[in-house]
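Coordinate analysis (summary)
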Amino acid sequence: MATVAGTLKVSNDCIADLAGYAALECYGVVGMAEIDDKAGIVHLLPTYRLRKGIDVGSEAGTVVVDLHVVVEQGVNMSSVSSNLQSSVKFILGKIAELDDVEVRVHIEGMRVR
């Protein structure tokens, strides 16, 4: 396979989509969450609105992905968080060619599947 010179630009929306679909594949994750600040309620998002539960930004040259998730009741939250971080970093490295990624997991709620 030949290497082509140039740069790759990936939009924040594309990064959020990749991260969201990687997160949904992880054991213990029910879905992405959106917080209604006024009512103080967490909403479980449908698959077509995953981006609403993901914030993408950068800090000091590092891509930062904040995942707001709802997890399955009874799972080990530490293991789920670690698995989420690994999966999202792997997908973003493989598909978007992003090597320097920080993934922050925010567990917003628990739910029985």
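One structure accompanies this document, and this report is about it. (Residues numbered from 1 in each chain as written. Predicted model: local features only at pLDDT ≥ 70, side-chain atom pairs only at ≥ 80, totals over all residues. Heavy atoms only, no water.)

Let us now look at the side chain of T62. Following the sequence through the fold, T62 ends up in strand β4 (residues 62–72). Given the relative accessible area of 14%, T62 is considered buried. Looking at T62, its side chain comes within polar contact range of the side chain of D100, at 3.1 Å. The contact partners of T62, leaving out residues within four places of it in the chain, are G57, D100, V101 and E102. (Helix = DSSP H or I, 4+ residues; strand = E, 2+ residues; numbered from the N terminus. Buried < 20%, exposed > 50% of the residue type's maximum accessible area, 1.4 Å probe, protein only. Polar contact = N/O pair within 3.5 Å; in protein donor to acceptor, adjacent residues only side chain to side chain. Contact = heavy atoms within 4.5 Å.)

This paragraph deals with the pattern of salt bridges. As a working rule, side chains carrying opposite charge can pair if their charged atoms are close by. The tally for this structure, following the rule as stated, stands at 6 salt bridges. For D13, the salt bridge is made with R51, and the minimal N-O distance between the two is 3.4 Å. With D13 in helix α1 (residues 12–24) and R51 in the loop between β2 (41–44) and β3 (54–59), the pair connects residues that are 38 residues apart, well separated along the chain. A salt bridge links R51 to D17, with the shortest nitrogen-to-oxygen separation between them at 2.8 Å. Separated by 34 residues along the polypeptide, R51 in the loop between β2 and β3 and D17 in helix α1 bring together distant segments of the chain. For R51, a relative accessible area of 39% puts it in the partly exposed group. (Salt bridge = Lys/Arg side-chain N within 4 Å of Asp/Glu carboxyl O.)

Before going further, it helps to examine the packing of α1 against helix α2 (residues 77–95). Between α1 and α2, the least distance of the axes is 9 Å, while the angle of their chain directions is 135°. What the angle tells us is that α1 and α2 run oblique. Along this stretch, α1 crosses α2, giving a crossing that reads as right-handed. Where α1 approaches α2, its residues I15, L18, A19, A22 and A23 are matched on the opposing element by L84, S87, V88, I91, L92 and I95. For the contact of α1 with α2, the residue count by class is 10 nonpolar, 1 polar and no charged. (Axes fitted to C-alpha atoms, helices over the stretch in contact; angles between N-to-C directions. Parallel < 35°, antiparallel > 145°, perpendicular 65-115°, else oblique. Left-handed = near helix turned anticlockwise from the far one by under 90°. Nonpolar A, V, L, I, M, F, W, Y, C, P; charged D, E, K, R; others polar.)

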